[in-house]
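Coordinates in review
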Amino acid sequence: VQLQASGGGLVQAGGSLRLSCAASGRTFSSSVMGWFRQAPGKERGFVAAISWSGGSTYYLDSVKGRFTVSRDNAKNTVYLQMNSLKPEDTAVYYCAADAGDYSGSYYYIGRYEYWGQGTLVTVSS
């Protein structure tokens, strides 16, 4: 089972990036998929999540209106479109998936069993 995140890079403030997370080894069509980020010296924290159907999405307050999470179950891929990026968005971004059988909070890091390797997003001012 592998989650492969990509799409990170260096961008100026106000710019956009689209992160992708491709899953392999099993299907994640029944899993909640999440994005987390970890800035230097800080703990990994929730950014966004999407239900298995894509019908429900959840966001960190500070990214609402700027970030959009989506998924394509046929491609076993989840995306994070990031617009109006700010220097404080600089972090390593991780995608994650649960096992499909957890009914608790989407924000809770402990629900996610599978993790990608992370992709670095750097936003310059």
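Residues numbered from 1 in each chain as written. Predicted model: local features only at pLDDT ≥ 70, side-chain atom pairs only at ≥ 80, totals over all residues. Heavy atoms only, no water.

A closer look at the overall build of the protein
The secondary structure content of the protein amounts to zero helices and 11 strands. Listed N to C, the secondary structure of the protein is β-β-β-β-β-β-β-β-β-β-β in terms of helices and strands. On C-alpha atoms alone, the protein measures out to a radius of gyration of 13 Å, which is about the 14 Å that the 2.2 N^0.38 rule sets for 125 residues. Expressed along its principal axes, the backbone C-alpha trace of the protein runs to roughly 40 × 25 × 25 Å. Each of the 125 residues in the protein was classed as buried or not, and the buried ones make up 42%. Of the contacts made within the protein by residues no fewer than 6 positions apart, 57% connect residues no fewer than 24 positions apart. Summed over all atoms, the accessible surface of the protein reaches about 6100 Å², with 48% contributed by carbon and sulfur. (Helix = DSSP H or I, 4+ residues; strand = E, 2+ residues; numbered from the N terminus. Rg over C-alpha atoms; globule rule 2.2 N^0.38 Å. Buried < 20%, exposed > 50% of the residue type's maximum accessible area, 1.4 Å probe, protein only. Contact = heavy atoms within 4.5 Å. Areas by Shrake-Rupley, 256 points an atom, 1.4 Å probe, with all protein chains shown as cover.)

Quick word on the state of the cysteines
In total, this model carries one disulfide according to the counting rule given. Linked covalently through their sulfurs, cysteine 21 and cysteine 95 form a disulfide whose S-S length is 2.1 Å. Of note, the bridge from cysteine 21 to cysteine 95 carries an S-S torsion of about 60° and is right-handed in sense. With cysteine 21 in strand S3 (residues 17–24) and cysteine 95 in strand S9 (residues 91–97), this pair connects stretches of sequence that are 74 residues apart. In this pair, the class of cysteine 21 matches that of cysteine 95, namely buried. (Disulfide = S-S within 2.5 Å.)

Things to note about the pattern of salt bridges
Side-chain pairing between opposite charges can occur once the charged atoms of the two side chains come close. The final tally for this structure, using the stated rule, is four salt bridges. Residue lysine 64 pairs with aspartate 61 through a salt bridge whose shortest N-O separation is 3.1 Å. When its relative accessible area of 47% is taken as the criterion, lysine 64 is described as partly exposed. For aspartate 61, a relative accessible area of 61% puts it in the exposed group. Ionic contacts of the salt-bridge type, sharing partners, join the residues Arg37, Arg66 and Asp89 into one network. (Salt bridge = Lys/Arg side-chain N within 4 Å of Asp/Glu carboxyl O.)

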